[in-house]
Amino acid sequence: MQNFEFYNPTRIIFGKDTIAQLADHVPAKARVLVLYGGSSAEKNGTLAEVRAALGARTVREFGGIEANPTYETLMRAVATIRAEGLDFLLAVGGGSVIDGTKFVAAAVNDKGDAWDILRTHGSDVSEALPFGSVLTLPATGSEMNSFSVISRTETKEKLAFGSPHVFPRFSVLDPTKTYTLPVRQVANGVADAFTHVMEQYLTYPAGGMAQDRFAEGLLLSLIEIGPQVIANPHDYDLRANLMWIATLALNGLIGAGVPQDWATHMIGHELTARHDIDHARTLAIVLPSMLRVRKEAKRGKLLQYAERVWNLRDGTEDERIESAIERTRAFFESLDIPTRLSAYGLGTETIDGVIEQLEQHGMTALGEHQDITLDISRRVLEASL
């Protein structure tokens, strides 16, 4: 097992009727900006609960953060904070709103070009405004990590950054707030969480026994509850488990001391930036093809995955690996998530543009071995047609 440091200061407040506890965790004299996405937070009563919990504090609101939060929108939030002297942020929504809030928190006191936060992947972030979150869509794990992905409409870029300064101080997780989510968003959340686990698990054997078993448990749980959580939107236990699994999938614990991949995400980001495909759906397109193209480099873990997750013990090694990959694809498809570029009207003509974007962003040596070249990324995209 590799050397590691594990640090996660985020307080989790989990369960029904927990939004009222904001009163205990937002400083009494805070000047708060509440950031949210569309109208759903207003319609389902979540914003009303947040307002009530914040009480007499100075509160301003900023809505309209997109499903892929854009630099252009977020810089308007930055301007609001600077103009009104606000000093605490509260994200109300899913991973996109929380990601956007992290960028805003880091950008407010940045003296240069705020896009450099993304260009340098957060390496120059030295401070950020404090913030918390109220999670309404389980998917990204952003509520308990220090990473963020932001898009820029003008240049069709989608870049990530991370910094220990942008951990949420706390996150409120009330599973009942997911009851009214559209089926598509719930399915996306399952696929997103599943792929987050795979990026940290399906690399090569590294002796992380606890991490492997923990990851496999999360994968098995997602396979078990994925279709159920869609079919039974008001089942509290199903929604509670999905919410907590999605958080655990990317709070740093299963990735501590083991190699990580993330090539699927890097290619997926470019597909979202260029073609506006839901983030989770780009992952479902890329992951099965990535596993197939990288079969030899990932052979040991693919066999472990086949046996422990899909209970595949018979046949040759290649047969078990192939079956595990196909079952992965079938799982995404069972959630009504297409796994081919052609399902989105995209063909070979899209590949050159994605490869150019990867090269422009320095994504030329990806994966756990840093050996996924642009040629290999091209093969993955070709296998995804």
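Rules used throughout
Residues numbered from 1 in each chain as written. Predicted model: local features only at pLDDT ≥ 70, side-chain atom pairs only at ≥ 80, totals over all residues. Heavy atoms only, no water. UniProt positions renumbered as here; feature names shortened; annotations may be inferred. Helix = DSSP H or I, 4+ residues; strand = E, 2+ residues; numbered from the N terminus. Expected span 1.5 Å × (residues − 1). Buried < 20%, exposed > 50% of the residue type's maximum accessible area, 1.4 Å probe, protein only. Contact = heavy atoms within 4.5 Å. Core = buried A, V, L, I, M, F, W, Y, C linked by side-chain atoms within 4.5 Å. Domains from an automatic or database assignment. Buried area = accessible area lost by both parts, 1.4 Å probe. 1 Å grid on protein atoms, 1.4 Å probe; cavity = no way out; pocket = protein on both sides within 12 Å on 5 of 7 lines; lining within 4 Å. Points joined across faces, edges and corners; volume = space filled by probe spheres on them. Nonpolar A, V, L, I, M, F, W, Y, C, P; charged D, E, K, R; others polar. Pairing = 2+ DSSP bridges. Patch = residues over 30% accessible without salt bridge, like charges linked within 9 Å, V, L, I, M, F, W, Y side chains within 5 Å. Areas by Shrake-Rupley, 256 points an atom, 1.4 Å probe, with all protein chains shown as cover. Salt bridge = Lys/Arg side-chain N within 4 Å of Asp/Glu carboxyl O.

Identification of the protein chain as Iron-containing alcohol dehydrogenase from Gluconacetobacter dulcium is taken from an unreviewed UniProt entry. Under Cofactor (unreviewed entry), UniProt gives the following word-for-word description of the protein chain: "Fe cation". According to the UniProt record, the Sequence similarities (unreviewed entry) comment for the protein chain reads "Belongs to the iron-containing alcohol dehydrogenase family."

Visitor: Can you walk me through helix α7 (residues 183-201) in this structure?
Guide: An α-helix turns once per 3.6 residues; consequently, residues spaced three or four apart project the same way. The end-to-end C-alpha separation of α7 is 27 Å, in line with the 27 Å expected for 19 residues at 1.5 Å each. Where burial is concerned, most of α7 is hidden: 16 out of the 19 residues are buried.

Visitor: I keep staring at the UniProt feature "domain: Alcohol dehydrogenase iron-type/glycerol dehydrogenase GldA" (unreviewed entry) in the protein chain and nothing clicks. Help me out?
Guide: The UniProt entry lists residues 9-175 under the feature "domain: Alcohol dehydrogenase iron-type/glycerol dehydrogenase GldA" (unreviewed entry), expressed in the numbering used here. As a span, residues 9-175 carries 29% helix and 25% strand, and end to end its C-alpha atoms are 22 Å apart.

Visitor: How should I be thinking about the environment of E317 in this particular structure?
Guide: With respect to the helices and strands, the residue E317 is situated in helix α13 (residues 317-334). Along the sequence, E317 and A105 sit 212 residues apart, while their C-alpha atoms lie 49 Å from each other. With near-sequence residues (within four places) excluded, E317 lies in contact with R299 and L303.

Visitor: When you look at the UniProt feature "domain: Fe-containing alcohol dehydrogenase-like C-terminal" (unreviewed entry) in the protein chain in this model, what are you seeing that I'm missing?
Guide: Under the UniProt annotation, the feature "domain: Fe-containing alcohol dehydrogenase-like C-terminal" (unreviewed entry) is placed at residues 188-355. Secondary structure across residues 188-355 comprises 66% helix and 0% strand; the distance between its end C-alpha atoms is 25 Å.

Visitor: What am I meant to see in the nonpolar core here?
Guide: Across soluble globular proteins, nonpolar side chains show a tendency to be buried alongside one another. Ranked by internal contacts, the top residues of the largest apolar core, which has 43 residues, are F194, V197, M198, L219 and Y305. Breaking this core down by element, the ones donating at least two residues are α7, α8 (209-231), α9 (236-248), α11 (279-293), α12 (299-308) and α13. The leading source of residues in this core is α7, at nine residues. L35, I65, L129 and L159 belong to the second largest nonpolar core, which has 34 residues in total.

Visitor: Mind showing me how you'd approach the domain arrangement of the protein chain here?
Guide: How big an interface is tends to be stated in terms of accessible area lost as the parts join. According to the domain assignment, the protein chain consists of domain 1 (11-178) and domain 2 (183-384). The distance between the C-alpha centroids of domain 1 and domain 2 comes to 26 Å. Contacts between the two partners involve 26 residues from domain 1 and, on the opposite side, 24 residues from domain 2. Buried area between domain 1 and domain 2, summed over both chains or domains, comes out near 2200 Å², and the portion from carbon and sulfur atoms is 64%.

Visitor: I would appreciate a short explanation of the layout of surface pockets in the present structure.
Guide: To find the voids left in a structure, one rolls a probe of water-molecule size over its atoms. For the second largest pocket, the calculated volume is near 190 Å³. Taken together, E66, N68, T70, S151, R152, T153, K156, E157, T272, A273 and D276 make up the lining of the second largest pocket. Mapped onto the lining of the second largest pocket, the elements with two or more residues apiece are β6 (147-152) and α10 (263-275). Its residues assigned to classes, the lining of the second largest pocket shows one nonpolar, five polar and five charged. Split by domain, the lining of the second largest pocket shows at least three residues from each of two domains, domain 1 (11-178) and domain 2 (183-384).

Visitor: Please explain the pairing of strand β7 (residues 157-162) as it appears in this structure.
Guide: Residues in a regular strand point their side chains to alternate faces of the sheet. The element β7 is extensively covered by neighbouring structure, given that five of its six residues are classed as buried. When β6 meets β7, the two strands line up antiparallel, connected through six bridges. In the strand pairing of β7, S151 is matched with K158. In textbook terms, the turn of a hairpin is the stretch between consecutive antiparallel strands, and for β6 and β7 this stretch comprises four residues, one of which, K156, has a positive phi near 55°.

Visitor: Any chance you could explain a nonpolar patch on the surface here in plain terms?
Guide: Taken together, the side chains of M1, F4, F6 and L253 define a hydrophobic patch exposed on the protein surface, amounting to about 400 Å² of accessible area. Relative to the helices and strands, L253 is located in the loop between α9 and α10.

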